[in-house]
Amino acid sequence: MIKRSDLRDTLMLDFYQIMSNVSTHLGTEDLDALKLTNVVTGNFNPAFAKLDETMKPLYKSGLTEQILHWDNLRDQMVVGLRTHLKAATRNPDNQIATNATKLLEVMDNYGKNLQRKPMREETGIITNLLQDYAKPEYAPLVQSAAAEPYTTKLGEYNSQLENAYNDRTRIQAAIEVGIAKESREAMQKAFSTLVKTINAYAFLEGKEPYQQLANHINQEVKQAMQTVSLRKKSGDTAAPASGGE
C-alpha cells in the first residue's frame with residue numbers, strides 16, 4: 001500500500017507541504033468508515049496544528065508568495081515557448097521550420113509538460129535546457145525561430161525563482177531549531193503512525209477502501225523524494241531537520 005513514511009531527508013518547507021497535502025487528502029475521506037478517526041483526530045491533526053504554528057514566521061516573510069509568483073510566470077513562459085516552437089514548425093520558410101523542429105526536439109527530450117514537474121526539478125531542467133540552447137549548434141536556431149524573447153524571459157524567471165527559493169531556505173535554516181525541530185519530529189512520528197495504521201487495516205480488511213488515500217500519499221512522497229534526489233545531485237548541502245519513524 002503506502003511504500004514509505006520516512007521523510008527525514010526532506011527540507012522543512014517541503015515536509016510541511018507534504019503534511020498539508022496529506023491533511024487535505026484525509027479531509028476528503030470517510031475516516032469513520034476507514035476506522036482512521038482516532039489516529040487522525042487524536043494523533044495526526046494535533047501534530048499538524050503544532051507544525052503549522054511553527055511555519056507561520058516563514059510564510060509571513062512573503063517569500064513563499066514570491067516563489068509562487070515567479071513559478072507561475074515561469075510556467076507560462078515554458079508553455080509559451082513550446083507553443084511558439086510548435087507553431088514555427090509549420091512556418092512556410094523551410095529553414096525556420098527545420099530549426100524550430102530541432103529546438104522542439106531538444107525541449108521534448110526533457111518531457112512535454114515541464115511545467116508539471118516538481119518545482120526544484122523544473123528549475124534544474126530549465127537551466128539545462130537554456131544551456132543547451134546557448135550552445136553554438138543551437139544558438140543560431142533560437143534566433144532563426146524567433147524564440148529568443150521566450151528563452152530570455154524564461155532564464156530571468158528561473159533565476160528570480162531560484163533566488164527567492166534560496167532566500168527562503170536561509171530563513172528556513174534559522175527556524176529549524178528548538179520548537180521547529182520538535183514539531184517536525186512529532187509530525188514525522190504521527191505520519192509514520194498513520195501510514196502503519198492504514199497499511200495494517202488494508203492488510204486485515206482489504207486494500208480497496210484504502211487504495212485512493214494510499215495512492216495520494218504515495219504520490220506526495222514520491223514527488224518529495226524526487227526533490228531530495230535533485231537536491232543531492234546538485235550538491236545542495238542544506239541539512240533537513242531530523243525526525244524519526
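Just so we're clear, the structure is a prediction, and the values are computed from it rather than from any experiment.

Details of the overall build of the protein
Helix and strand content of the protein: ten helices and zero strands. Listing each helix as α and each strand as β along the protein from the N terminus yields α-α-α-α-α-α-α-α-α-α. In the protein, which comprises 245 residues, the share counted as buried stands at 43%. The long-range share in the protein, meaning contacts at least 24 apart out of those at least 6 apart in sequence, stands at 82%.

Some words on the layout of surface pockets
Taking a probe equal in size to a water molecule and rolling it over the atoms shows the remaining empty space. One number sums up the size of the largest pocket: a volume of about 550 Å³. Lining the largest pocket we find 23 residues, and of these D14, Q17, N21, P118 and M119 sit closest to its centre. The set of elements that each furnish at least two residues to the lining of the largest pocket consists of helix 1 (12-27), helix 4 (63-88), helix 6 (119-133), helix 8 (148-175) and helix 10 (208-233). Here the lining of the largest pocket is built from residues that sort into nine nonpolar, six polar and eight charged.

Concerning helix 1
Between its first and last C-alpha, helix 1 extends 23 Å over 16 residues, near the 22 Å set by a 1.5 Å rise per residue. If you check which residues of helix 1 are buried, you get M12, L13, F15, Y16, I18, M19, V22, H25 and L26.

Description of the packing of aromatic side chains
Counted under the stated rule, the structure contains four aromatic pairs. Measuring from centroid to centroid gives 6.5 Å for F44 and F48, while their planes differ by 10°, and the two rings are stacked. With F44 and F48 both in helix 3 (residues 37-60) and four residues apart, this pair spans about one turn of that helix. Owing to a relative accessible area of 0%, F44 belongs among the buried residues under this scheme.

Comments concerning the environment of R120
Relative to the helices and strands, R120 is located in helix 6. Considering only alpha carbons, one finds R120 and E162, 42 residues apart in sequence, at a separation of 8.7 Å.

Looking at the environment of A49
Within the secondary structure, A49 sits in helix 3. A49 sits 138 residues away from M187 along the chain, and the two C-alpha atoms are 9.3 Å apart.

Notes on the pattern of salt bridges
If you walk through the whole model with that rule in mind, you get eight salt bridges. D108 serves as the salt-bridge partner of R82, at 3.0 Å between the closest nitrogen and oxygen. Here the residue R82 occupies a position in helix 4, and D108 occupies one in helix 5 (residues 94-108), the gap between them amounting to 26 residues. The network of salt bridges with common partners includes D71, R74 and E122.

Conventions adopted
Residues numbered from 1 in each chain as written. Predicted model: local features only at pLDDT ≥ 70, side-chain atom pairs only at ≥ 80, totals over all residues. Heavy atoms only, no water. Helix = DSSP H or I, 4+ residues; strand = E, 2+ residues; numbered from the N terminus. Buried < 20%, exposed > 50% of the residue type's maximum accessible area, 1.4 Å probe, protein only. Contact = heavy atoms within 4.5 Å. 1 Å grid on protein atoms, 1.4 Å probe; cavity = no way out; pocket = protein on both sides within 12 Å on 5 of 7 lines; lining within 4 Å. Points joined across faces, edges and corners; volume = space filled by probe spheres on them. Nonpolar A, V, L, I, M, F, W, Y, C, P; charged D, E, K, R; others polar. Expected span 1.5 Å × (residues − 1). Phe/Tyr/Trp six-rings, centres within 6.5 Å; stacked < 30°, edge-to-face > 60°. Salt bridge = Lys/Arg side-chain N within 4 Å of Asp/Glu carboxyl O.

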